[in-house]
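Residue strings, one per chain:
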Amino acid sequence: PLHCFGGPPSGNIHSHSHNQVAEEDRISNALMLFYNKVKKPKADSINETSKDNLSVPEVVAVQPQPASDQEILVDGNQAFQREVQESNLEHILSCYLLDSDLHSFVRSLLTLLHQSGTEPSQESNNSRLEDMQGQKLQWLPENATDDLPLRTVQFGCEFLLNVVLHCRERASMRATVNTLRECFEKYPHTATWFVLKVTDFHNCPWFNDYLFYCTDTLARATFVQLLVQAVHVVAPNHPEAVLTMKHLKVLDLKNAAPSNPSALITLLTRQIVEGVFKVVGFIRTADELFTLIRDLCSIPSVCYGFQQMSLVSILSYFISPESASLKLKELFDKNLIVNNRQGAVRVDFGNLLQSVFEALAALLGVPQLRKVNLLQDRSYWETELVPEAKEALTIIFQESSFNGGMDLNSINAYFDRVTNFGIASGQQPQKATALQVRNLLDRFSNTPDGRLSLEGFLQYQTDMATHNPKNVWRDLNAFSFRNDLSRVQRSIVRTAANTTQPFAGTNNAVQTSSTLPSAPMETYFDAQARNESSSEILPKYLSESCRQCLSNITLYESGLNASDICAKAIAKVVCFKNENTSKALIQQASAKLYAISTENTWNQQPIIIIMDFLKL
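Notes on the structure in this doc start here. (Residues numbered from 1 in each chain as written. Predicted model: local features only at pLDDT ≥ 70, side-chain atom pairs only at ≥ 80, totals over all residues. Heavy atoms only, no water.)

The phi dihedral of Ser-310 is positive, around 60 degrees, even though this residue is not glycine. On the secondary structure map, Ser-310 appears in the loop between α14 (300-308) and α15 (311-319). Located in the positive-phi region is Ser-480, a residue other than glycine, with phi close to 70 degrees. With respect to the secondary-structure elements, Ser-480 resides in the loop between α22 (469-478) and α23 (520-530). (Helix = DSSP H or I, 4+ residues; strand = E, 2+ residues; numbered from the N terminus.)

Listed below in structure tokens is the structure:
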């Protein structure tokens, strides 16, 4: 109502985390139009209408028409009654479906399912009896039909993916996913059903909807977590199970999938690899596909299947498109044309590179540090950062501010650092607009002198973590925080201002503070290095084209910008006891260093990157 009649008075601006008064124009007007609605009923319905004592205005009687074309005027109540009733019914149904209490009830049904086989203790039984005033309620699986677990999980998954993730008011998503995981583990045939459902993308839109079209980051992440949990249950234990199915056609795999886990997982891996080519048309929303690949690579049979399908060389396209083979370029260009992006000179994959490097490292057997949750699992309207995230972001604020606040210059410097983190060398740096900076100061809490306060900075990060957590992780990574919110030791962080700081040596991928736990990949490689009898640790199923991609210095040059830890881990896998590849990479790095040093224009950043690589 405040915006109905125009004018410039002040009003309250409501946001997710605050409320403040500001001047704004009212540019909208309200208009209600009442008119007679004309219906042209069929001839056989005219008599029925007259029986209902419908009053016909004299205008119709003055100009009679044939019965088949006769127009009957109805009043407003009769004209809109059915439409209003249907609209009200849809609204009531939506309110019921989107009610958080209903979501909790469905989750409790799933909890009852996976806990049905466990015998409760005597104490819990006694307390339950007291609470229920002597009425014992217990579901007995032996009295249920055989397909009840499957039907219950089907309902739970479809309700989650078709209803809950489409509404804003959703809570306890982690609890829901964990409950479904326990149901998958207890009833493996329900996990088989879910993977079958996902692979049937012609009849089920979940795969494409959540991995390409969905703009809700949290919804995409929930789908990926659920699919990974199901695949962990379904995947065959034998590492080479998927490789035995590589010669089967898709139709044969679909026919065998319901009863053959190897065929089902092979079908899924092929679908994922084909999906990678579609990413060029959905750059803003396809990052979770690489997260899915990363998480599935912890399953040996899936990882070997991806390696055999040359996924390493396919992922390398996003790092260095100009170095890709002609066949790969044609496949990616075809998807550009399908998505009407053929006019673009070159698609920028900068915001995908960190996810790509994490997936690439997982493909080569590097253990990954999973991203921790940034928000406490409450409701949409009651979001709060977890203590570890709040502590890390407070450190970032303290390093980016002075005297407890960030002015325009501090905010500009902060944006310059985080927005340009991970861009390839030679790429044009991005600058924050004056509107972005001004908007940050206007929307969030300020100090008395008009600077951004710590409280306002945390409000800003909470808002981003709710709607676009990828940007929060970008900011954290730019300040050397890792996926577990531990921080790389300050002495090895590369900065343009101080390039003489010591860098990590060969024995450790990342040197960390004594108070922080080591990354899993460091322990893994140190153990490999101590094993004198080990041969090269590069996966044996990699094709020659994949090995050539991993022997290109451009890959590591981009990686040290986008994902420092993963790039160094990949280099160790590729070069470990592999003298020829090591020599080739050193020669390429030396040639690049010489070329840069002989240029007329001096650019310090590429030299830092090449020197970092040579020190590996």
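The next subject is empty space enclosed by the protein. Under the criterion given, the structure shown has one cavity of 30 Å³ or more. Considering only enclosed or pocket space, the largest cavity measures out at about 90 Å³ in volume. If you go around the largest cavity, the residues you meet are His-103, Val-106, Arg-107, Leu-110, Gly-156, Phe-159, Leu-160, Val-164, Met-173 and Thr-176. The leading source of residues in the lining of the largest cavity is helix α4 (residues 100-114), at four residues. Its residues assigned to classes, the lining of the largest cavity shows six nonpolar, three polar and one charged. (1 Å grid on protein atoms, 1.4 Å probe; cavity = no way out; pocket = protein on both sides within 12 Å on 5 of 7 lines; lining within 4 Å. Points joined across faces, edges and corners; volume = space filled by probe spheres on them. Nonpolar A, V, L, I, M, F, W, Y, C, P; charged D, E, K, R; others polar.)

Another aspect to go through is a nonpolar patch on the surface. A contiguous nonpolar surface patch, about 240 Å² in accessible area, is contributed by Leu-93, Leu-97 and Leu-98. Secondary-structure assignment places Leu-93 in helix α3 (residues 76-97). With a relative accessible area of 49%, Leu-93 lands in the partly exposed category. (Patch = residues over 30% accessible without salt bridge, like charges linked within 9 Å, V, L, I, M, F, W, Y side chains within 5 Å. Areas by Shrake-Rupley, 256 points an atom, 1.4 Å probe, with all protein chains shown as cover. Salt bridge = Lys/Arg side-chain N within 4 Å of Asp/Glu carboxyl O. Buried < 20%, exposed > 50% of the residue type's maximum accessible area, 1.4 Å probe, protein only.)

Further remarks concern the side chain of Thr-199. Structurally, Thr-199 can be placed in helix α8 (residues 188-199). Given the relative accessible area of 4%, Thr-199 is considered buried. Here Leu-196 takes part through its backbone oxygen, which lies 2.9 Å from a polar atom of the side chain of Thr-199. Apart from the residues lying within four places of it in its own chain, the contact partners of Thr-199 are Leu-264, Leu-267, Leu-268 and Gln-271. (Polar contact = N/O pair within 3.5 Å; in protein donor to acceptor, adjacent residues only side chain to side chain. Contact = heavy atoms within 4.5 Å.)

Bringing the packing of helix α13 (residues 287-296) against helix α17 (residues 353-363) into the picture now. The N-to-C vectors of α13 and α17 enclose an angle of 15 degrees; their axes lie 8 Å apart at closest approach. Comparing the axis directions of α13 and α17 gives the class roughly parallel. Between α13 and α17 lies a crossing of left-handed hand. Here Asp-287, Phe-290, Ile-293 and Arg-294 of α13 lie close against α17, whose contacting residues are Ser-355, Val-356, Glu-358, Ala-359 and Ala-362. Taken together, the residues that form the contact of α13 with α17 break down as five nonpolar, one polar and three charged. (Axes fitted to C-alpha atoms, helices over the stretch in contact; angles between N-to-C directions. Parallel < 35°, antiparallel > 145°, perpendicular 65-115°, else oblique. Left-handed = near helix turned anticlockwise from the far one by under 90°.)

Checked against the element boundaries, Phe-613 lands in helix α28 (residues 604-614). For the pair Phe-613 and Tyr-556, spaced 57 residues apart in sequence, the C-alpha separation works out to 7.5 Å. When sequence neighbours within four positions are dropped, the list of residues in contact with Phe-613 reads Ile-553, Tyr-556, Leu-560, Ala-571, Leu-585 and Ala-589.

On to the packing of aromatic side chains. All chains considered together, the criterion is met by 20 aromatic pairs. Seen from their ring centres, Phe-212 and Phe-282 are 5.5 Å apart, and the 45 degrees between their planes marks the pair as tilted. Within this pair, whereas Phe-212 is found in helix α9 (residues 206-213), its partner Phe-282 is found in the loop between α12 (261-278) and α13, the two being separated by 70 residues in sequence. Take Phe-282: its relative accessible area is 16%, and that puts it in the buried class. Taken together, the ring pairs connect Phe-277, Phe-290, Tyr-317, Phe-318, Phe-332 and Phe-349 into an aromatic cluster. Against the face of Trp-473 rests Lys-371, its NZ or CZ located 5.7 Å from the ring centre. (Phe/Tyr/Trp six-rings, centres within 6.5 Å; stacked < 30°, edge-to-face > 60°. Lys NZ or Arg CZ within 6 Å of the ring centre and 35° of its normal.)

The subject of this paragraph is helix α26 (residues 564-575). The end-to-end C-alpha distance of α26 is 17 Å, a good match for the 16 Å that twelve residues give at a rise of 1.5 Å each. For α26, a buried count of ten out of twelve residues is recorded, marking the element as mostly surrounded by other parts of the structure. Residues of α26 that are buried: Ile-565, Cys-566, Ala-567, Lys-568, Ala-569, Ile-570, Ala-571, Lys-572, Val-573 and Val-574. Count one or two residues on from α26 and you reach Lys-577, which has phi positive near 50 degrees. (Expected span 1.5 Å × (residues − 1).)

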